[in-house]
Amino acid sequence: MLDLKRQYRPLHQELLNALGHVLETQQFILGEPVAVFEKAAAENLGVAHAVGCSSGTDALWLALASAGIGPGKAVVTTPFSFFASVSSILRAGATALLADIDPATFNLSPTAVEAVLDSEQGKSVRAILPVHLYGQCADFTAFSRIGKQRGLTLIEDAAQAWGAEWQGVRAGALGDLGAFSFYPTKNLSAAGDAGLVTTNSDNLAERARMLRLHGMRRRYFHDEIGWNTRMDGFQGAVLSVKLKYIAGWNEARRAVAALYDSLFAAAGVAESGPYPVHGVVLPHVAKGGLHACHQYVIRTKRRDQLREFLGARKIGSEIYYPVPLHMQEALKCLGYSEGDFPEAERAAHEVLALPIFAELREDEQQTVVNAIAEFLS
Ligand SMILES: Cc1ncc(COP(=O)(O)O)c(C=O)c1O
């Protein structure tokens, strides 16, 4: 599914030098290595501020808390994402409301969000939290309009979308705040857990910096109840090295996706979708967006049998995500039930992520497509 060693080997010496520098300076938490990365990250994304923290989950919480989202306030997000998109809202003490997805992109549907906002529950909504799923930006033309019209804060879950764009603007610079994860499988990855909050607002950035340090502006004077969610110096150093290569890696990922598209078409199994019939529906790239191709996700009817078939041939695949968030045991407290979000529920039965990373070889992709075509025949 993913061979991280292929990225690591050519960077071995450069990474060792960067880690050695952290040891020399002994700046293990925040400090210069993190400040250097924050500055370069902000420039790369085209935002005024980037605030390093300890994970993507913490970045979401930090973004919400910085925006003053807490008890008595509600946030609308998607049921088709990683758990943290919703759990961070609950962790902030707020209410999580869900709206269904667009079946073509799997991203939060602006129309469904507006329906929630117009409902009785919608009165307490203060923020919308779209997720740029699989590395493709949610429809920020619509979300920006809705946010402006209704005075809502927009918080991007950009965990999977480093380098993705919407109308020429980078993920992380589209909303009021953005949250990134540098989990080792992400396009831009740390050597452990790390995350980042982005914003163009001086005020929100200052709050994020204060909240990641136990609510301190002055040492041992606590203005608010924050948390310990600081980035390690080692992670800042690794990320600074990898940031230099991310544009090329994302380009390579897009080339892998384009080759999959043409191989599936040549095999005669590609379908236009959004729902599969006999073959596979290929990823839909929305107009106006630049896909970061974090995942290459196909849709097919006999998904579980296909996954077993691929597994028997030692071909990796993954299901992001098998259970929509409203049907997770831990989120029964949200009060939703099966049938509430039919698009998310259907997607959970049909999606399958195939191997995609910058160093994936053409012959390996051909093997994947041949196996899928064989299964379908
Ligand atoms: C969409 C999404 N949101 C949030 C997260 C949480 O990030 P982390 O694992 O760094 O806490 C992830 C990553 O796993 C993710 O994919």
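All of the points below concern the structure found in this document. Since this is a predicted model, take the numbers as computed values, not measurements.

The rules we used
- Here, residues in each chain are numbered from 1, in the same order as that chain's written sequence.
- Two thresholds apply to this predicted model, a pLDDT of at least 70 for residue-level local features and 80 or more for giving and counting side-chain atom pairs, whereas whole-chain, interface and lining totals are computed over all residues.
- Side-chain numbers come from the whole structure's heavy atoms, not from hydrogens or water.
- The term nonpolar core refers to a set of buried residues drawn from Ala, Val, Leu, Ile, Met, Phe, Trp, Tyr and Cys, joined through side-chain atoms within 4.5 Å.
- In this scheme, a residue with accessible area under 20% of its type's maximum is buried, one over 50% is exposed, and one in between is partly exposed, where area comes from a 1.4 Å probe on protein chains only.
- Contacts are residue-level and defined by heavy atoms, with any inter-residue pair within 4.5 Å sufficient.
- Every definition here rests on a 1 Å grid over the protein atoms only: cavities are sets of points where a 1.4 Å probe fits but cannot get out, pockets are open sets enclosed by protein on both sides within 12 Å along at least five of seven lines, and lining residues have some atom within 4 Å of a point.
- Grid points are joined across faces, edges and corners, and a volume is the space filled by probe spheres set on the points.
- Strands here are runs of E lasting at least two residues and helices are runs of H or I lasting at least four, both read from the DSSP assignment and numbered beginning at the N terminus.
- Ten residues, namely Ala, Val, Leu, Ile, Met, Phe, Trp, Tyr, Cys and Pro, are considered nonpolar, four, namely Asp, Glu, Lys and Arg, are considered charged, and the remaining ones, Gly among them, are considered polar.
- In these notes, residues near a molecule or strand are those with any non-hydrogen atom within 4 Å of it.
- What qualifies as a polar contact is a pair of N or O atoms within 3.5 Å, subject to a donor-acceptor requirement within protein and to the restriction that residues adjacent in sequence count only when both atoms come from side chains.
- Areas reported here follow the Shrake-Rupley algorithm with a probe of radius 1.4 Å; residue values treat only the protein chains shown as occluding.
- Just a note on the criterion: a molecule sits in a pocket or cavity if more than half of its atoms are within 2 Å of the grid points.
- Here, any two strands with at least 2 DSSP bridges between them count as paired.
- Simply put, an axis is a line fit to the C-alpha atoms, just over the touching stretch for a helix, and the angle between two N-to-C directions goes from 0 to 180 degrees.

## Remarks on the nonpolar core
Counting residues in each nonpolar core, the largest one holds 127 residues, and the members touching the most others are Phe80, Trp162, Phe182, Phe264, Ile298 and Leu354. Once residues lying within four places of it in the same chain are set aside, the contact partners of leucine 354 are Met1, Tyr260, Phe264, Tyr296, Ile298, Leu310, Val368 and Ile372.

## Details of the layout of surface pockets
A volume near 520 Å³ is recorded for the largest pocket. Lining the largest pocket are 30 residues, and of these Gln160, Tyr183, Thr185, Lys186 and Tyr321 lie nearest its centre. Contributions of two or more residues to the lining of the largest pocket are made by α3 (56-66) and α4 (84-91). Among the elements that make up the lining of the largest pocket, the one with the highest residue count is α3 (three residues). Taken together, the residues that form the lining of the largest pocket break down as 14 nonpolar, 11 polar and five charged.

## A short note on empty space enclosed by the protein
Sizing a probe to match a water molecule and rolling it over the atoms shows the empty space that remains. Counted under the stated rule, the structure contains three cavities of 30 Å³ or more. In this model, the largest cavity occupies a volume close to 100 Å³. Residue lining of the largest cavity: 14 residues in total, with Leu2, Leu4, Gln7, Arg253 and Phe357 positioned closest to the centre. Here the lining of the largest cavity is composed, by residue class, of six nonpolar, four polar and four charged. Size it by volume and the second largest cavity reaches roughly 60 Å³. Lining the second largest cavity are Ala104, Thr105, Phe106, Tyr134, Gln136, Pro283, His284, His291, Gln295 and Val297.

## A few points about the site of the ligand
Around the ligand sit 15 residues, and of these Gly56, Thr57, Asp157, Ser181 and Lys186 come closest. One of the backbone nitrogen or oxygen atoms of glycine 56 is found 2.8 Å away from an oxygen atom of the ligand. Within the side chain of glutamine 160, a nitrogen or oxygen atom sits 2.9 Å from an oxygen atom of the ligand. The fraction of the free accessible surface of the ligand (390 Å²) that becomes covered by protein chains is 92%. More than half of the atoms of the ligand fall within 2 Å of the grid points belonging to the largest pocket.

## Here's the deal with the sheet that holds strand β4 (residues 125-129)
With mixed pairing, the seven strands of this open sheet are ordered in space as β1-β9-β8-β5-β4-β2-β3. If you trace the sheet from one side to the other, it starts and ends with β1 (49-53) and β3 (95-98), each paired once. The mean angle between the axes of side-by-side strands here comes to 25°, regardless of whether they run parallel or antiparallel. By the bridge criterion, four bridges tie strand β8 (residues 177-181) to strand β9 (residues 195-199) in an arrangement that is antiparallel. Paired with alanine 179 across the bridge in β9 is valine 197. Its contacts with the sheet put α4 on β2 (74-77), β3, β4 and β5 (153-157), and the angle it makes with β3 is roughly 150°. Docked against the sheet, helix α7 (residues 202-211) engages β1, β8 and β9, running at close to 15° with respect to β1.

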